[in-house]
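The lines below spell out each chain.
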2 protein chains.
Amino acid sequence: MTDIAQMGKRAAEAERILACAGGHVKNNALENIAAALTENKAAILAANAVDLESGKAAGLSPSLIDRLALSEKRIESMADGVRQIVLMDDPVGRILSGSTRPNGLKIQKVSVPLGVIAVIYEARPNVSSDAAALCLKAGNAVILRGGKEAIHSNKAIAGLMRGAVEKAGLPADCVQLVEDTSRESAAALMRLNDYVDVLIPRGGAGLIRAVMENSTVPVIETGVGNCHVYIDRSADIEMAAEIVFNAKTSRPSVCNACESLLVHKDIAEAALKAVKAALDAKAVEIRGDEAVRAILPGVKPAVEEDWGTEYLDMILAVKVVNSVDEAICHIAKYGSGHSECIVTGDYASSQKFVAQVDAAAVYVNASTRFTDGGEFGFGAEIGISTQKLHARGPLGLEHLTSEKYIVLGSGQIRE
Amino acid sequence: MTDIAQMGKRAAEAERILACAGGHVKNNALENIAAALTENKAAILAANAVDLESGKAAGLSPSLIDRLALSEKRIESMADGVRQIVLMDDPVGRILSGSTRPNGLKIQKVSVPLGVIAVIYEARPNVSSDAAALCLKAGNAVILRGGKEAIHSNKAIAGLMRGAVEKAGLPADCVQLVEDTSRESAAALMRLNDYVDVLIPRGGAGLIRAVMENSTVPVIETGVGNCHVYIDRSADIEMAAEIVFNAKTSRPSVCNACESLLVHKDIAEAALKAVKAALDAKAVEIRGDEAVRAILPGVKPAVEEDWGTEYLDMILAVKVVNSVDEAICHIAKYGSGHSECIVTGDYASSQKFVAQVDAAAVYVNASTRFTDGGEFGFGAEIGISTQKLHARGPLGLEHLTSEKYIVLGSGQIRE
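On a predicted model such as this, the values are computed, not experimentally measured, just so you know.

J.: Would you mind showing me how to read the sheet that holds strand β4 (residues 141-145) of chain A here?
T.: What holds strands together in a sheet is hydrogen bonding between their backbones, with the strands either parallel or antiparallel. Residue and element names in this part refer to chain A. Overall, parallel pairing links the four strands, which are arranged β5-β4-β3-β6 in an open sheet. Of all the strands in the sheet, the pair left with one neighbour each is β5 (175-177) and β6 (198-202). Across the sheet, the mean angle separating the axes of adjacent strands is 20 degrees when strand polarity is ignored. With three bridges connecting them, β4 and β5 associate as parallel partners. Across the sheet, the residue bridging to I143 is Q176, located in β5. Sheet strands in contact with helix α1 (residues 3-18) are β3 (116-121), β4 and β5, and its direction is about 145 degrees off that of β4.

In structure tokens:
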């Protein structure tokens, strides 16, 4: 049995105990994790310093170094994140529905943990505690496989979490970290169907594609967002410019940021000038089609590739369309099913757009940046699902559960 | 672009229209399908005769020939199945939940079609109309890939369905049949992530394993059932024998049939004798461990392999256990997460069993044979899910939908 398979087996064994643990026990484990993070900042920072030094030596980009870097404040915010999860309702054991059948069988559908969840992620060490806390609260054993850049930080954090979980009377193996950060270890995890129930990748498009391609374990696809704002003929131009500015510039590196703007031809001149005036304040690069460049001379031409690109940067592709239908078609062709917005004053356009656009979240007159577990009121999230199976949109605690039918009888047999 | 990719593209285009079709239109399409089946029995039977002839020439087993064979009665029952789906509520457009956020955003979660569903199945031609009707009712375009044994029957049925769908004003490509029944066509379908949202395999363990291994499209795993009945110390022996007899013999070839029996040692002698007396009436072969053979001399010995085998036949593996905990451990080790039953008179044992056994359906004092969409009150089903993602247990119409968040604002931007 390989090391990864053995980890899987231990996770499955720990899970059998964790699945039946009461809410108090799970909350104790989370409180212990938060306390351990708070009390061991120095040790975590020392481990993080090793990662930062290797990262700089390896020539990691400043933005990657920023994602990797911890500070006292960042560690405290990790601990606070765990404490927030304590306050949330236990997602396990909810009675979701039920009925009594004509033969007297009482059938109820109850929420249960998913089981063993593997999380594959990249350079952010805070994902280790975020993901583990959410999984634990929902009764799931977790196998963490972070990136090699953060291995020392992750070892420190995972070690603290294992001790904290054990102190609450649960098996330490409810939380495990894969210390081998080779491609092979990730590949093995993706094929560990005997022990792993669900795999969640958290990271860039490349990671997610690799997991979708190679995993035989069921996956919850998260993250890639090629989000559009469409300014309809009847839009309030000031509102439109504010929404585009917010959706593009408030945090360009995240998946719910706007990447393409579509503008109805009848409003294009005024709307594009207002949008450009707003975006110029943050030096956003506009790439436009011919109609856009006729109105905004001097902007770069957009090429076919621009429509499908998630820039995650201060760049916006812009196109003029003839109708809401053309906007919907463009989104169907190039969108990634994440978050799409129409700015409109017209009832029929709004209805058509929300009915026909196929995405996790469809907005009328609001920024795409709201697609987020916290903003949706779910408390915390483990990612944004862009697939249609299981859950779509922000993944909260309840999405880390499965269900079980409990059927109570008095000797019924089937005819 | 390959033929399969072109079919996928056509399905996705048809789906954009079907997804927004009203309930009346979808019901018209289903009624047209039922009528076409009823009115074209002769043509379907003629096509089926060609399959049967080739099947016999190829030496197919009598049970496979039986699954393949249609009759006027079987075709009428296919049409009735479609008509039943007409009567069911539209699963699309349900408002599942909603809230108004502090910033005034109105968020609602609405059920939407999954999109394009591919169904890979084996020799039963009735799956073609069953699966297509369920998919259509839930607004999903369907790509059918049946087995080569049934290709002529499937072509006849799919052709009728396409005409019926078109007559209702929907694109014929809402229903497509892959006429190439090579392994390559199935493999291509499993990797058609650009166009196929979900893949559902319907068939034996080999088919399901192949799909799980090779599909990059998200899969709903269905079907394999290594189901147990556990007779607790406190069981009513007569009830236990009836349940075991029903769960084993009422239809041994299906996934919810019982394959293993576990008996508490304190009740083993009386329970095993009662069970054997019942099973002897249908000449069920018992394979027992040592303790069983001490009570029932002459039964075959069970070997390790027996505990993990889904016989789908008149064979039962039987083991004596020391406690409900040992029964739960045995089920955790060998069960397939389908349907598990305890026969008991003891409250604590029943509570422990339903809490700790991890399966789609857990029964107290009732036959495992009830795990079925019809018996659970779902009307019709497309299979029994044994995975934990998306849906577990009988898959009804609602499980053929996904969800979408619709967010209505008045210019909100995120701070």
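J.: Where do I start with the pairing of β3 of chain A in this structure?
T.: Every other side chain in a regular strand lies on the same face of the sheet, so the side chains alternate between the two faces. Residues and elements named next belong to chain A. Most of β3 is tucked away: six of the six residues are buried. In β3, alternate side chains face the same way, and those of V116, A118 and I120 on one face and I117, V119 and Y121 on the other are all buried. Where β3 meets β6, five bridges bridge the pair, whose relative direction is parallel. Directly across from V119, in β6, lies its bridge partner I200.

J.: Looking at this model, I keep getting lost on the interface of chain B and chain A. Mind explaining?
T.: By a widespread convention, an interface's size corresponds to the accessible area lost as its parts come together. Counting from both sides, the interface comprises 59 residues of chain B and, opposite them, 59 residues of chain A. Secondary structure elements with two or more residues in the side of chain B that touches chain A: α9 (205-214), α10 (237-249), α15 (347-356), β13 (361-366) and β16 (401-412) of chain B. Tallying contributions element by element places β16 of chain B first for the side of chain B that touches chain A, with eleven residues. Judged from the five bridges that link them, strand β13 (residues 361-366) of chain A and β16 of chain B form a sheet pairing that is parallel. Bridge pairing in β16 of chain B links A366 of chain A to Q412 of chain B.

J.: Where do I start with the environment of G203 of chain A in this structure?
T.: Secondary-structure assignment places G203 of chain A in the loop between β6 and α9 (205-214). Excluding residues that lie within four positions of it along the chain, G203 of chain A makes contacts with Y121, E122 and I208 of chain A.

J.: Whenever I open this one, the confidence of the model for chain A confuses me. Can you help?
T.: Any residue range with low pLDDT should be treated as having predicted coordinates unsuitable for detailed reading. Put simply, chain A has an average pLDDT of 95, and 100% of its residues get 70 or more. Across the assembled chains, the prediction reports ipTM 0.92 with pTM 0.92.

J.: Any chance you could explain the relation of the copies chain B and chain A here in plain terms?
T.: Each copy of the chain is related to the other by a rotation around an axis and a translation along that axis. Superposing chain B onto chain A requires a rotation of 180 degrees together with a translation of 0.0 Å along the rotation axis, leaving an RMSD of 0.0 Å. Classification of the inter-copy transformation places it as that of a two-fold axis. In terms of proximity to the rotation axis, the leading residue of chain B is H390 of chain B, whose C-alpha is 1.7 Å off the axis. A shared interface surface links the copies, since 100% of the contact residues of chain B are contact residues in chain A too.

J.: How do you make sense of the packing of helix α2 (residues 23-39) of chain A against helix α6 (residues 126-137) of chain A when you look at a structure like this?
T.: Working note: a packed helix pair is described by the angle between its axes plus the distance between those axes. Residues and elements named next belong to chain A. Relative orientation of the contacting elements α2 and α6 amounts to 165 degrees, with a least axis distance of 9 Å. Between α2 and α6, the crossing angle belongs to the class labelled roughly antiparallel. Remark: the crossing between α2 and α6 carries right-handed chirality. Residues K26, A29, L30, I33 and L37 of α2 form the contact with α6, whose own contacting residues are S129, A133, L136 and K137. Its residues placed into classes, the contact of α2 with α6 shows six nonpolar, one polar and two charged.

J.: I'm lost on the sheet that holds strand β1 (residues 95-100) of chain B in this one. Help?
T.: The strand order across the open sheet built from ten strands is β10(A)-β9(A)-β11(A)-β8(A)-β7(A)-β12(A)-β13(A)-β16(B)-β2(B)-β1(B), with neighbouring strands paired in mixed fashion. This sheet does not close on itself; its edge strands, each paired only once, are β10 (300-301) of chain A together with β1 of chain B. Sitting on the sheet, helix α10 (residues 237-249) of chain A is in contact with β7 (227-231), β8 (258-264), β11 (315-321), β12 (339-343) and β13 of chain A together with β16 of chain B, with an inclination near 160 degrees to β12 of chain A. Together, β7, β8, β11 and β12 of chain A form the strand contacts of helix α14 (residues 324-334) of chain A, whose direction differs from that of β11 of chain A by roughly 140 degrees.

Cut-off values and rules
- Residues numbered from 1 in each chain as written.
- Chains lettered and ligands numbered in written order.
- Predicted model: local features only at pLDDT ≥ 70, side-chain atom pairs only at ≥ 80, totals over all residues.
- Pairing = 2+ DSSP bridges.
- Helix = DSSP H or I, 4+ residues; strand = E, 2+ residues; numbered from the N terminus.
- Axes fitted to C-alpha atoms, helices over the stretch in contact; angles between N-to-C directions.
- Contact = placed C-beta atoms within 7 Å.
- Buried ≥ 20, exposed ≤ 12 C-beta atoms within 10 Å, placed from the backbone.
- pLDDT = per-residue confidence, 0-100.
- Least-squares fit on C-alpha atoms with pLDDT ≥ 70 in both.
- Parallel < 35°, antiparallel > 145°, perpendicular 65-115°, else oblique.
- Left-handed = near helix turned anticlockwise from the far one by under 90°.
- Nonpolar A, V, L, I, M, F, W, Y, C, P; charged D, E, K, R; others polar.

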